[in-house]
Amino acid sequence: RAAPVLANALRERDYLVDDRFGVADILAGHTLNWARGFDVPLGSAVLERYLERLTARPAFRRTLELA
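My aim in this report is to walk through the structure given alongside it, one point at a time. Every value quoted in this text rests on a predicted model; they were computed, and no experiment measured them.

### Remarks on helix H3 (residues 45-55)
Move 1: Taken together, the buried positions of H3 are Val 46, Leu 47, Tyr 50, Leu 51, Leu 54 and Thr 55. Buried residues along H3 cover an arc of 155° about the axis, so they all sit on one side.
Move 2: In the core, the buried residues of H3 are packed alongside helix H1 (2-10), helix H2 (23-37) and helix H4 (58-66).
Move 3: Between the side-chain oxygen of the N-cap and the backbone nitrogen of Val 46 there are 3.1 Å, and the N-cap of H3 in question is Ser 44.

### Describing the environment of Leu 16
Move 1: Here Leu 16 shows up in the loop between H1 and H2.
Move 2: Spatially, the C-alpha atom of Leu 16 lies 8.6 Å from that of Leu 6, the residues being ten residues apart in sequence.
Move 3: Discounting residues that sit within four places of it in the chain, Leu 16 has contacts with Leu 6, Ala 9, Leu 10, Ala 24, Asp 25, Ala 28 and Tyr 50.

### Some details on the nonpolar core
Move 1: Counting 14 residues, the largest nonpolar core has Leu 6, Leu 10, Leu 16, Leu 32, Leu 42, Leu 47 and Tyr 50 as the members making the most contacts within it.
Move 2: Going through the elements one at a time, H1, H2 and H3 are the ones with two or more residues in this core.
Move 3: Per-element accounting of this core gives the leading share, five residues, to H3.
Move 4: The contacts of Leu 47, once residues within four sequence positions are left out, are Ala 3, Leu 6, Ala 7, Leu 10, Leu 32 and Leu 42.

Basis of the calculations
Residues numbered from 1 in each chain as written. Predicted model: local features only at pLDDT ≥ 70, side-chain atom pairs only at ≥ 80, totals over all residues. Heavy atoms only, no water. Buried < 20%, exposed > 50% of the residue type's maximum accessible area, 1.4 Å probe, protein only. Helix = DSSP H or I, 4+ residues; strand = E, 2+ residues; numbered from the N terminus. Arc of directions from axis to C-beta. Contact = heavy atoms within 4.5 Å. Polar contact = N/O pair within 3.5 Å; in protein donor to acceptor, adjacent residues only side chain to side chain. Core = buried A, V, L, I, M, F, W, Y, C linked by side-chain atoms within 4.5 Å.

Dropping the structure here:
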C-alpha cells in the first residue's frame, strides 16, 4: 500500500525532502532494495528509476565494496 504513495511523492522530483538527497531517501531506498532482494515487484517505473538513482550514488557503491 505504501509503494503508490512513495511513487506519487517522487513523480515530479528526484528525492523526497526539498528535492535533495537525505535520510528519508536512505530509508526508502533501503526498503526498496530489500524488497527487490526478495523479488517483491516495486510496481512502478518511478520507483525503479528512484532506486537506480540511489544505488548509482558513489557512497552506495562503496558500501558494496565493504560488504
